[in-house]
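Residues per chain, in single letters:
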Amino acid sequence: MSRPQSDSEKRKQISVRGIAQLEDVSEVKKDFNRHLHYTLVKDRNVATTRDYYFALAHTVKDHLVSRWIRTQQHYYEKDPKRVYYLSLEYYMGRSLQNTMINLGIQTSCDEAMYQIGMDIEELEEMEEDAGLGNGGLGRLAACFLDSMATLGMAAYGYGIRYEYGIFAQKIKYGEQVEEPDDWLRYGNPWEKARPEFMIPINFYGRVIETNEGKKWVDTQTVFAMPYDNPIPGYGNNVVNTLRLWSAKSPIDFNLKFFNDGDYIQAVLDRNLAENISRVLYPNDNFFEGKELRLKQEYFMVAATLQDIIRRYKASKFGSREAVRTSFKEFPNKVAIQLNDTHPSLAIPELMRVLIDCEHLSWEEAWDVTTRTCAYTNHTVLPEALERWPVSMLQSILPRHLEIIYHINFLHLQEVQKRYPNDMEKMRKLSCVEEEGEKRINMANLSIIGSHAVNGVAAIHSEIIKHDIFADFYQMTPQKFQNKTNGITPRRWLLLCNPGLSDVIAEKIGDEWPVHLDQLAQLKKWAKDPNFQRQVGKVKQENKLKFAQLLEKDYGVKVNPASMFDIQVKRIHEYKRQLLNCLHIITLYNRIKRDPNASFAPRTIMIGGKAAPGYYIAKQIIKLICAVGNVVNNDPIVGDKLKVIYLENYRVTLAEKIMPAADLSEQISTAGTEASGTGNMKFMLNGALTVGTLDGANVEMAEEMGNDNIFIFGMTVEEVEALKRKGYNAYDYYNRIPELKQCVDQIQGGFFSPGNPNEFQDLANVLLKYDRYFSFADYESYIKTQDAVSQTYQNQSKWLEMAIHNIASSGKFSSDRTIAEYAREIWGVEPSWEKLPGPSDLKV
């Protein structure tokens, strides 16, 4: 007997459009019960919701495994060029629902769970986020892995299996409190340990001369243990691998320790080695030279390169199977992408292995290294660029320091030929910085040792060519490229917004998840009242759902008809959450001045984590919470304005926020945000953007037209002109009464009556030390926000603009980004190949 569909079931059906159902419901039920009994050793009398999640996860993983094995067999048989993506961060989020969608088994699993009395959404909520990243850089890496699998590329992600990911953020009494993210406490059903591929990694020691060349001796050894995680492509039976390394102690025990009393201490000392993979550094936009971080970076690249070379040597090639002994083919079979400078030690490490272990000449090794490696820059902020003290490298990696010095020596000989006797050029183009403490500039090393260097948005790539790395660009312009970032439409629309996915599919069919440019077809319906109504209905349903979550989790009842105005990203001065806060206070003051004036109601939500040692960022959180406390408890304001700080922003929360957002705040100072990818997620889900001409906002505006985005503030050129002229915040403070009132309230204790000086430091930042010119953009921002409010009151116009945003998102698929990397940097052609399904497999 058929039953009416719930919202949950509608959600599930959308995600499997166009993919054949290969597994039936009874098989899922049988596998689920088998795992509950034989894997988890539980029955229904004692099993918990978490047990049921694990049983379902193992059931879904069963459907991955045959595809995973077949994919690797296929790569071995075809011996394609392999791509290795090296990143210290992977912000994966949850895997269960994404895997079901990509395999096309979500409907079967949903129905199976229903028939045995389970709510699949409740089970999905039991999964821990794999939060092995700080923000955009790590989430980008996760999207790229999804696209590489979907494009059928022989690609591997490599990183570190941090025992503790990005900290869990609690807001207590308006302040951020960090709690450890013990994401592995219950185990991880998706990973497979591979102890047979454990690799020794060396630190410290000294370098000696031998008859065979240099030798690194007397080292301390740590073992790198690989854990493999499956990365399924969408609907193509391809499953790639993310290999994460965990540090293991090398200490072997023997019973003589009992006699001299050192046994217990020897066991305890194991922790020192294993600390390397214990915790993710919770700061990706401020370089802090800590020994542990350097060890993490080298640990990852050393283990990865040994693995890459092992696989290269063991590859099948020609008409027979043999071991590759020559490295002449290495750059034709291996592409290594450095995701920012964190893995840049791959360059001297590959040189060391090729020269010291494989006995290539320097010239041969350098040719292989530079043709193999490519570097992506992710930041223009000088304080974020890595510079390792020579003294630290000398102690921890003495052989690598020698190699870096020689790389630099030969490089500067080329500089001298090109720019004779130009000492300033030599200084700027050297990777050894002599001023103050002697340091190695890892960005310069990455450029010297790579055949391609790219920025991550058109404007960012121009800035690195003409500002940050202008001298390198002048010397080797052929190396520099742009690769505008993208996001995977599978997770960021199909998975998180099934209602909108359904509306889109009804109009244009089901191929858009792998051909996102097809969304452009929606433009012809932008003014259609029926289509606007459908899109508006989905948005309202998503807002209602999110409003329920806010009431449950925060105890704040919001008006679902209000504009959901959202800024979620790491808390940093350059992202200008303070400018947003000034707008909130301005709105509050206007309501208080004239409560009966026409006002477009807003619920303003800000979320994100501050690095634990970043005092100003933590103060910004505290101020937002204090302002929210005043606004939300003022009866005159009522439903017109609410302010909520979204606690513990992460991938899973983002999946709930993006579909519900009306307005996306992308308000960084022009020239500071490399790209942004949150802006793309909001756009794809039909939120309008208020933003500066910074990062990918520039290209978003080009795609949708300036009529469908709210641009304000200074351009990059105007920011530079203001820097040259000199910025005096008091000029704006004294000239703009609304701004002065806001600042006076902040520094006068209006929002902190118990401690009037609570926010004096923030006021000082704004008035005296603001490198990001918030006051200079304040007037333009407020005026543009007024236009936002006016537009929101005309819902037909708002929905027309929202549809244009969705329809213009095609460029911002990570599939497009990865295809460009493949063709223009890696020398690989995306295959879009669909491998045989499980019924055709032989293992």
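Each chain carries its own residue numbering, running from 1 in the written order of its sequence. For a predicted model such as this one, the threshold for reporting local features is a pLDDT of at least 70, and the threshold for listing and counting side-chain atom pairs is 80 or more; totals across whole chains, interfaces and linings nevertheless cover every residue. Computation of side-chain values covers all heavy atoms of the structure but excludes hydrogens and water.

Draft legend 1. Structural view of the UniProt feature "modified residue: N6-(pyridoxal phosphate)lysine" (unreviewed entry) in the protein chain. UniProt positions are given in the numbering used here, feature names are shortened, and annotations may be inferred rather than shown by experiment. Here, the residues flagged by UniProt with the feature "modified residue: N6-(pyridoxal phosphate)lysine" (unreviewed entry) are Lys681. Secondary structure is summarised from DSSP: a helix means a run of H or I of at least four residues, a strand means a run of E of at least two, and numbering begins at the N terminus for each. Here Lys681 shows up in helix H26 (residues 678–684). We call two residues contacting when some pair of their heavy atoms lies within 4.5 Å. Discounting residues that sit within four places of it in the chain, Lys681 has contacts with Arg139, Ile487, Trp492 and Met658.

Draft legend 2. Examining the domain arrangement of the protein chain more closely. Entries for the protein chain in the domain assignment read domain 1 (14–78 + 96–127) and domain 2 (545–813). Domain extents, as shown, originate in an automatic or database domain assignment. Domain 1 and domain 2 are separated by 40 Å when their C-alpha centres are compared.

Draft legend 3. A look at empty space enclosed by the protein. Using protein atoms alone on a 1 Å grid, points that fit a 1.4 Å probe yet trap it form a cavity, whereas open point sets bounded by protein on both sides within 12 Å along at least five of seven lines form a pocket; residues with an atom within 4 Å of a point count as lining. Grid points are joined across faces, edges and corners, and a volume is the space filled by probe spheres set on the points. Applying the stated criterion across every chain, the model contains eight cavities of 30 Å³ or more. The computed volume of the largest cavity comes to approximately 610 Å³. In this structure, the largest cavity is lined by 37 residues; those nearest its centre are Gly135, Gly136, Leu137, Arg570 and Thr677. When contributions to the lining of the largest cavity are tallied by element, the ones reaching two or more residues are helix H7 (136–150), helix H25 (651–660) and H26. The nonpolar class holds Ala, Val, Leu, Ile, Met, Phe, Trp, Tyr, Cys and Pro. Asp, Glu, Lys and Arg form the charged class, and all remaining residues, Gly among them, are polar. Classifying every residue of the lining of the largest cavity gives eleven nonpolar, 16 polar and ten charged. The volume enclosed by the second largest cavity comes to roughly 450 Å³. Surrounding the second largest cavity, 34 residues form its lining, Met92, Gly93, Arg94, Ser95 and Trp190 being those nearest its centre. Elements with a contribution of two residues or more to the lining of the second largest cavity: helix H3 (49–78), strand S2 (90–93), helix H4 (96–103), strand S3 (130–132), H7, strand S11 (220–232) and strand S12 (239–248).

Draft legend 4. Local environment of the layout of surface pockets. What the second largest pocket holds in volume is close to 1,000 Å³. Of all the secondary structure elements, the ones that give two or more residues to the lining of the second largest pocket are helix H16 (423–429), strand S18 (432–433), helix H18 (458–468), helix H19 (470–475) and helix H28 (716–725). For the lining of the second largest pocket, the element with the highest residue contribution is H18, accounting for seven residues. Along the lines of polarity and charge, the residues of the lining of the second largest pocket split into 22 nonpolar, nine polar and 13 charged.

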